Amino acid sequence: MSLPSGRPAGGPFAAALAGGPPLVLDGGLSNQLAAQGCDLSGALWSARLLADAPEQIEAAHAAYLRAGAQVLITASYQATFEGFARRGTGRAETAALLRRSVRLARRAAERHTEDGAGGTGGPDGPGGPDGSAGGPERRAAGPATTPRQAFVAASVGPYGAMLADGAEYRGRYGLSVRELERFHRPRIEALAEAGPDVLALETVPDTDEAEALLAAAGGTGLPVWLSYTVAGGTTRAGQPLADAFRLAAESGQAVAVGVNCCDPADADAAVALAAEVTGLPVVVYPNSGEGWDAAARAWRGAATFAPERARAWRDAGARLIGGCCRVGPEGIASLARGLATG
């Protein structure tokens, strides 16, 4: 197939994808927040902390930077105008919280670059224009790393995340592409205003939502990556992955395409297929591999997320590699070491 030549230049982020070793993504934000003692109950999940405890979000970002992450994904996955409206938050304040998610990640990255242990600098310090609290504890346990530039990816979660009923793992919400585009556009515009390096259109369950997300992001001028959540070789809605990946490539907008929030075993074949179908850099950040026992409300089985898998993904074309649910700083540190030495 012939792919369009008019892909976005993507600035420094796309340049980083084009040369050198793969970029290391962070891991699951929610599990790190839980490890820090945060209560994540409620439909807003980790997004609630954008309003109630932003310092905890910055501390979680800092933990992943110390572990070796080079790309931070913001706490906006479940942050929507509709979701915050249910707790009485107006649109202007919600837009400010979306922008805050980007600024918290940016500030953590800048502090890490400045002194490697969390200084007091940065454009949005205590009482800064994003309204966030300052002074997070930035010396949580984790391996020290040499300060380096880190990129900020603004998370744009699927419509199903707002429903808070697991619909993002089914897709097919009964909405048209145009309706989904109208849902996503305002939050994408608010995130873009804060100046992230890339938009992470992530955990996408079907091609209808992928089409809507790409359309909504089209006017921002920002590079995007598109990552599907998959199971058994298809999207969660049962569509062939080759068709799903091809949609991203043919749009001419994505600088990377791949999968996240899936079993590591499902990521194995998906990475190679994404590279073959699109010719684009591949993004991959699966879950730990443990299974959820709904009856017992507990995780069962052994984790299968491992550095050996990450090296195989790299060799198959992955240029952005990290973890999702239940992959914490220790897992990212192991991944970073494995990619550096393997």
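Just so you know, these numbers come straight off a predicted model, no measurement behind them.

**Overview of the overall build of the protein chain**
So, point 1. The helix and strand tally for the protein chain stands at 13 helices and 12 strands.
So, point 2. Contacts spanning at least 24 positions in sequence make up 76% of the contacts within the protein chain whose residues lie at least 6 apart.
So, point 3. Carbon and sulfur atoms form 50% of the exposed surface of the protein chain, whose accessible area is close to 12,800 Å².

**Brief notes about the nonpolar core**
So, point 1. Core analysis: the biggest nonpolar cluster contains 79 residues, and Leu199, Phe245 and Trp313 have the highest contact counts within it.
So, point 2. Looking at which element gives the most residues to this core, the answer is helix α6 (residues 91-115), with 8 residues.
So, point 3. When near neighbours in sequence (up to four residues on either side) are disregarded, Phe245 contacts Tyr228, Val257, Gly258, Val259, Ala270, Leu273, Ala274, Val277 and Thr278.
So, point 4. In this structure, Ala14, Leu17, Leu25 and Val71 belong to the second largest nonpolar core, which totals 20 residues.

**Topic: the environment of Ala302**
So, point 1. With respect to the helices, strands and loops of the structure, Ala302 is situated in the loop between β11 (298-300) and α12 (307-316).
So, point 2. Judged by its relative accessible area of 59%, Ala302 is exposed.
So, point 3. Considered as a pair, Ala302 and Glu290 are 12 residues apart in the sequence and their alpha carbons are 5.6 Å apart.
So, point 4. In this structure Ala302 touches Gly289 and Glu290, once residues within four positions along its chain are discounted.

**Let's talk about the confidence of the model for the protein chain**
So, point 1. Across the protein chain, the average pLDDT comes to 88, with 87% of residues at or above 70.
So, point 2. Counted against residues more than four places away or in other chains, residues 1-8, with its pLDDT under 50, gives 16 contacts.
So, point 3. In the predicted structure, residues 117-147 sits below a pLDDT of 50 and forms 64 contacts with residues beyond four places in sequence or in another chain.

**Here we look at the UniProt feature "binding site: Zn(2+)" (unreviewed entry) in the protein chain**
So, point 1. When the UniProt feature table is mapped onto this chain, "binding site: Zn(2+)" (unreviewed entry) is found at Cys261, Cys324 and Cys325. Maximum C-alpha separation among the annotated residues is 6.6 Å over a sequence range of 65 residues, consistent with a single clustered spot.
So, point 2. For Cys261, the location among the structural elements is in the loop between β8 (254-260) and α11 (264-278).
So, point 3. Cys261 gets classed as buried once you look at its relative accessible area, which sits at 3%.
So, point 4. Summarising the element assignment, Cys325 is placed in the loop between β12 (318-321) and α13 (329-341).
So, point 5. Take Cys325: its relative accessible area is 22%, and that puts it in the partly exposed class.
So, point 6. Contacts of Cys325, omitting those with residues within four sequence positions, involve Asn31, Cys261, Asn287 and Ser288.

**What to know about the pattern of salt bridges**
So, point 1. Going through the model one piece at a time under the given rule, you end up with 14 salt bridges.
So, point 2. Across the salt bridge formed by Asp208 and Arg172, the nearest N and O atoms sit 2.8 Å from each other. Residue Asp208 is found in helix α9 (residues 207-217), and its partner Arg172 is found in the loop between α7 (159-163) and α8 (177-193); the two are separated by 36 residues along the sequence.
So, point 3. What makes Asp208 partly exposed here is its relative accessible area of 26%.
So, point 4. By relative accessible area, Arg172 is classed as partly exposed at 46%.
So, point 5. The closest approach of N and O atoms between Arg185 and Glu181, which form a salt bridge, is 2.1 Å.

**Details of α11**
So, point 1. An ideal rise of 1.5 Å per residue puts 21 Å on 15 residues; α11 measures up with 21 Å between its terminal C-alpha atoms.
So, point 2. Among all positions of α11, only Pro264, Ala267, Ala270, Val271, Ala274, Val277 and Thr278 are buried.
So, point 3. On its buried face, α11 is in contact with α10 (241-251), β8, β9 (282-285), α12 and β12.
So, point 4. With a side-chain oxygen positioned 2.8 Å from the backbone nitrogen of Ala265, the residue opening α11 is Asp263.
So, point 5. Looking one or two residues beyond α11, the residue adopting positive phi is Gly279, at roughly 70 degrees.

**Considering the packing of α9 against α10**
So, point 1. In contact at an axis separation of 10 Å, α9 and α10 are set at 15 degrees when each is read in the N-to-C sense. On the basis of the axis angle, α9 is roughly parallel to α10. Two packed elements cross with a definite hand, and for α9 against α10 that hand is right-handed. Side by side, α9 and α10 meet where Thr207, Ala210, Glu211 and Leu214 of the first sit next to Ala244, Leu247, Ala248 and Ser251 of the second.
So, point 2. Grouping the amino acids of the contact of α9 with α10 by side-chain chemistry returns 5 nonpolar, 2 polar and 1 charged.

About the criteria used
Residues numbered from 1 in each chain as written. Predicted model: local features only at pLDDT ≥ 70, side-chain atom pairs only at ≥ 80, totals over all residues. Heavy atoms only, no water. Helix = DSSP H or I, 4+ residues; strand = E, 2+ residues; numbered from the N terminus. Contact = heavy atoms within 4.5 Å. Areas by Shrake-Rupley, 256 points an atom, 1.4 Å probe, with all protein chains shown as cover. Core = buried A, V, L, I, M, F, W, Y, C linked by side-chain atoms within 4.5 Å. Buried < 20%, exposed > 50% of the residue type's maximum accessible area, 1.4 Å probe, protein only. pLDDT = per-residue confidence, 0-100. UniProt positions renumbered as here; feature names shortened; annotations may be inferred. Salt bridge = Lys/Arg side-chain N within 4 Å of Asp/Glu carboxyl O. Expected span 1.5 Å × (residues − 1). Polar contact = N/O pair within 3.5 Å; in protein donor to acceptor, adjacent residues only side chain to side chain. Axes fitted to C-alpha atoms, helices over the stretch in contact; angles between N-to-C directions. Parallel < 35°, antiparallel > 145°, perpendicular 65-115°, else oblique. Left-handed = near helix turned anticlockwise from the far one by under 90°. Nonpolar A, V, L, I, M, F, W, Y, C, P; charged D, E, K, R; others polar.

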